Amino acid sequence: MPFNAIPAEDFLNREPELNYLKGLSKLKANALGGDVFLDGARGMGKTELQKQLYRILFWENNVVPFYYSFKTANLKGTYFAQDYFTGFVRQYISFVKKDPSIANNVAEPLQRLMPTISSLGLYWLIDCIEDFQGHVNKNDFYWQLVAAISAPVMAAQKMGKPVIVMLDDFDEAAHLYESSLGDAHGLISLFGESMRNRLCPHVITGSAGALEPIFTDHSLIGMTERMRLGPLPEDLAIALFRAHLTNLKITCAPGVQLEFLDLLRGNPFYIKNLAKAAWKMQKNVITEKDLIECYSFEVSDGETAFYWASVFSRYVKNPAQSKAMLKLLMHAIENGGIEDGKRLSMVSGLGEAETETLLNALTTSGIMRVKDAVLHDFIHCLYMKEIEGRNVSDAREKIEAKYIQEREESCFELVIPMSSNAELVVAKAVEQIGKNINLDAEFLNYLQLALIEVCINAIEHSGSYEKKVFLKFITRPDKLEIIVENSGRPFSLESIKEVPVEEKMRLGMKRGWGYKLVHKIMDSVKVERVNDRTRVILTKNIDNGS
Amino acid sequence: MKSVQFSVASRREGDAAIIYPKGYLNNLSGENLVIECGIYIGKGITKIVVNFSETDLINSIGISMLLQIIEDLKNIKGTICCTNMSKLLRDTFEMLGLMQHMLVFPVESDALTYLKTGKL
């Protein structure tokens, strides 16, 4: 329902977008604007922006707002037409009478509203209802849809007052059907007429991937502009979280910086859910550690988990597909993306064709492209439960341990060119990093040597066109981990043969010492291939006792 | 770690040549070291002392160059003495099994005394 928007004072940082949308009907009337597609990550507040716009327009009285959220249950054309049409009529009367309860009372049949409509003198609306009912009585599928979709245009023309049509999850309209799923492609294009009308700007949300073919439909092409909703800046994200906590009567412990919120990347939906999780977990005074605890609840069992589980369920038809999708997503997270090839069907456990269908669905949904730590943690939790057979508390413990550990670690990243003596820059950097964590000065010399060797190996043998080496230094109280990555020719430790010095001299082989040194210096050396990159992971345990 | 530009200096003392590599011993500087030693070997010198007091860092390519010098001297039944090595350098050579192919002395004078008298 459009009236269940959050308080305007808690809706932060969207004033420019709101102002633009408020003026959209004027822009469209002057052919300076058209319809707007709200683009942004899930949870970024697209629906909320529509609802806030609705509330403003409702009370300002210059433009009639109409909000409709597509529902999976109403994709049968006749159900949709009925729902859309009655929804519009209710919201229109509600607007004219300035009585939100009329819009909210979805159970009241239109017939009961007839006296109100008459009293308002909206006789054209009565005609409209009767016409629609006529199409229903004649079981005229096509005209039911057309009458419903064009109702806002009709109202705008009759009253001379623009109607802003807000269509939430509009991509679902691509699945409208007559009697069974998929039997009537292209019904979404019936919106074209309404969207073209100068008195009816449309504000649309939906998956960008799914809507792309819709906007390129010849009836809708070129009519829509994209408005990108970015994340809240860090300070506003914290302010929003604090506002939610205040509403829930929760306070922050003294000195709490709420640094953990960085993980939510300014996503208002996640921020709200985390605050609610704190409330559900009966926290009165919250600490950073509590946040991690609440977060693990959210991604395993909370509203965020429920939300993502619902999104996932759209793309799978049975439990086998669900597990396969989970395996593919986990594979993508662990490998920084998904590569082509037959190996994926081995990952998913399904046949090649079914795997491809699943991948296409995931690509269209946009889930695959999302670099969202919260989504990744949700997937990880679900994977632990569904694939590894762990219980929820185990999964939560894992997530908590990850972030508690991360809080104790610091991370440095460095990129060097594959050029002469660039490895010395790395040696210099690791020297300072080592000093920062009080590494033994003598060991630091060895560490420099090991890193120089790994870098030289990458520079000399990779044949990389990128000509860059990427390094990441992760320091923890008990361990130093260095990740060295480069594109180019694959390399594996198995390819290195141990040859004694005498043999080297005899054979005239004087090279090939590097990894021998690296192995002697580090506690662990691992080499992985990630897409087109070779990743070397060097680990050194830090003995705090010595 | 100091960031000194590599250079190599040398001098002759009696029938021995003393080489002073300075800075980071890698492929390019290693080649210079091989050339410098080669000049003396070409003049008939079979005793070479490499004083590492100013070598702050070495990589595996530099080590392979050193192996070349060891091999060149071995072919003419010569002797290589390494002196003033840092612990890192000593340990590195140790790790790679190079120590048995060279004579190691704490300081240059010890190496020269040995080469002159055959005694430590």
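Trainee: I'd love a proper account of the overall build of chain A, names of residues and values included.
Mentor: Scanning chain A from N- to C-terminus turns up 24 helices and twelve strands. Burial analysis of chain A (546 residues in total) assigns 37% to the buried set. Long-range pairs, those at least 24 residues apart, make up 72% of the contacts in chain A between residues at least 6 apart in sequence.

Trainee: If you had to explain the overall build of chain B to someone new, which residues and values would you point to?
Mentor: Each helix and strand in chain B was counted, giving four helices and six strands. Along its sequence from the N terminus, chain B presents helices and strands in the succession β-β-α-β-β-α-β-α-β-α. Within chain B, the proportion of its 120 residues that are buried is 38%.

Trainee: Quick rundown of the interface of chain B and chain A? Include the residues and the values.
Mentor: With 20 residues of chain B in contact, the opposing surface of chain A contributes 22 residues. Looking at the side of chain B that touches chain A, the elements that each hand over two or more residues are α2 (60-75) and α3 (87-96) of chain B. Here the residues of the side of chain B that touches chain A sort into ten nonpolar, eight polar and two charged.

Trainee: Talk me through α2 of chain B; I want residue IDs and the actual numbers.
Mentor: Look at α2 of chain B: 23 Å from first C-alpha to last across 16 residues, which is about the 22 Å you get at 1.5 Å a residue. All buried positions along α2 of chain B are accounted for by Ser60, Ile61, Gly62, Ile63, Ser64, Met65, Leu66, Leu67, Ile69, Ile70 and Leu73 of chain B.

Trainee: With reference to specific residues and values, describe the sheet that holds strand β3 (residues 163-168) of chain A.
Mentor: All names here are of chain A. Read from one edge of the open sheet, five strands run β2-β3-β4-β1-β5, paired in parallel fashion. Whereas interior strands pair on both sides, the edge strands pair on one side only; in this sheet they are β2 (64-69) and β5 (224-228). This sheet shows a mean twist of 20° between the axes of neighbouring strands, independent of strand direction. When β2 meets β3, the two strands line up parallel, connected through six bridges.

Trainee: A description of the environment of Pro115 of chain A should follow, citing residues and the corresponding values.
Mentor: Relative to the helices and strands, Pro115 of chain A resides in helix α6 (residues 110-119). The spacing of Pro115 of chain A and Ile126 of chain A is eleven residues in sequence and 10.0 Å in space, taken between C-alpha atoms.

Trainee: Give me the packing of helix α12 (residues 234-247) of chain A against helix α13 (residues 268-280) of chain A: which residues, what numbers.
Mentor: Residues and elements named next belong to chain A. Taken N-terminus to C-terminus, the directions of α12 and α13 make an angle of 35°; their axes are 9 Å apart at the nearest point. Seen along the crossing, α12 lies across α13 with a hand that is right-handed. Where α12 approaches α13, its residues Ala237, Leu240, Phe241, His244 and Leu245 are matched on the opposing element by Pro268, Ile271, Lys272, Leu274, Ala275 and Ala278. Here the residues of the contact of α12 with α13 are counted per class, giving nine nonpolar, one polar and one charged.

Trainee: Kindly report on the sheet that holds strand β9 (residues 468-476) of chain A, identifying the contributing residues and their values.
Mentor: Residue and element names in this part refer to chain A. Strands sit in the order β8-β9-β10-β12-β11 across an open sheet of five strands; the sheet is antiparallel. This sheet does not close on itself; its edge strands, each paired only once, are β8 (410-417) and β11 (524-530). The average undirected angle you get between the axes of adjacent strands in this sheet is 15°. Sheet topology note: the β9/strand β10 (residues 479-487) ladder contains seven bridges and is antiparallel. Opposite Phe470, over in β10, you have Glu485 as the bridge partner. Of the strands in this sheet, β8 and β9 are in contact with helix α21 (residues 422-436), which crosses β8 at around 165°.

Trainee: Lay out the confidence of the model for chain B with the relevant residues and their values.
Mentor: Mean pLDDT over chain B works out to 88, with 95% of the residues at or above the 70 mark. Predicted complex, confidence summary: ipTM 0.86, pTM 0.62.

Trainee: I'd like a description of unusual backbone geometry, backed by residues and values.
Mentor: Positive phi outside glycine occurs at Asn61 of chain A, with the angle close to 80°. Turning to its location among the elements, Asn61 of chain A is positioned in the loop between α3 (46-60) and β2. At Lys77 of chain B, a residue that is not glycine, the phi angle is positive and equals roughly 55°. Assignment of secondary structure puts Lys77 of chain B in the loop between α2 and β5 (79-83).

Trainee: Residue-level account of the nonpolar core, with values.
Mentor: All names here are of chain A. Core analysis: the largest hydrophobic core is formed by 63 residues, its most contacted members being Ala450, Leu451, Val454 and Cys455. With eleven residues, helix α22 (residues 441-461) is the largest single contributor of residues to this core. Residues within four places of Leu451 in sequence aside, it is in contact with Val426, Ala427, Val430 and Ile482. In terms of nonpolar packing, the next biggest core, distinct from the first, is built from 56 residues, Tyr54, Cys128, Phe132 and Ala156 among them.

Calculation criteria
- Residues take numbers from 1 onward in each chain, read along the sequence in its written order.
- Both sets of labels track the order of writing: A upward for chains, 1 upward for ligands.
- This being a predicted model, a pLDDT of at least 70 is required before a residue's local features are given, and a value of 80 or more before pairs of side-chain atoms are given or counted; all residues contribute to the totals for chains, interfaces and linings.
- We count a stretch as a helix when DSSP gives it H or I for four or more residues in a row; a strand needs E for two or more, and each element gets its number in order from the N terminus.
- Counting other C-beta atoms within 10 Å of each residue's C-beta, where C-beta atoms are placed from the backbone, gives the exposure class: buried for 20 or more, exposed for 12 or fewer, partly exposed between.
- Note that contacts rest on C-beta atoms placed from the backbone: two residues are in contact if these are within 7 Å.
- Each residue gets one of three labels, nonpolar for Ala, Val, Leu, Ile, Met, Phe, Trp, Tyr, Cys and Pro, charged for Asp, Glu, Lys and Arg, and polar for the others, Gly among them.
- A helix is expected to span 1.5 Å for every residue after the first.
- Any two strands between which DSSP finds at least two bridges are classified as paired.
- Note on geometry: axes are lines fitted to C-alpha atoms, helical ones only across the stretch in contact, with angles between N-to-C directions running from 0 to 180 degrees.
- Should the near helix be turned anticlockwise from the far one by less than a right angle, the crossing is left-handed, and should it be turned clockwise, the crossing is right-handed.
- In predicted models, pLDDT denotes the confidence assigned by the predictor to each residue on a 0 to 100 scale.
- Here a nonpolar core is just a set of buried residues of the types Ala, Val, Leu, Ile, Met, Phe, Trp, Tyr and Cys, joined wherever their C-beta atoms sit within 7 Å.

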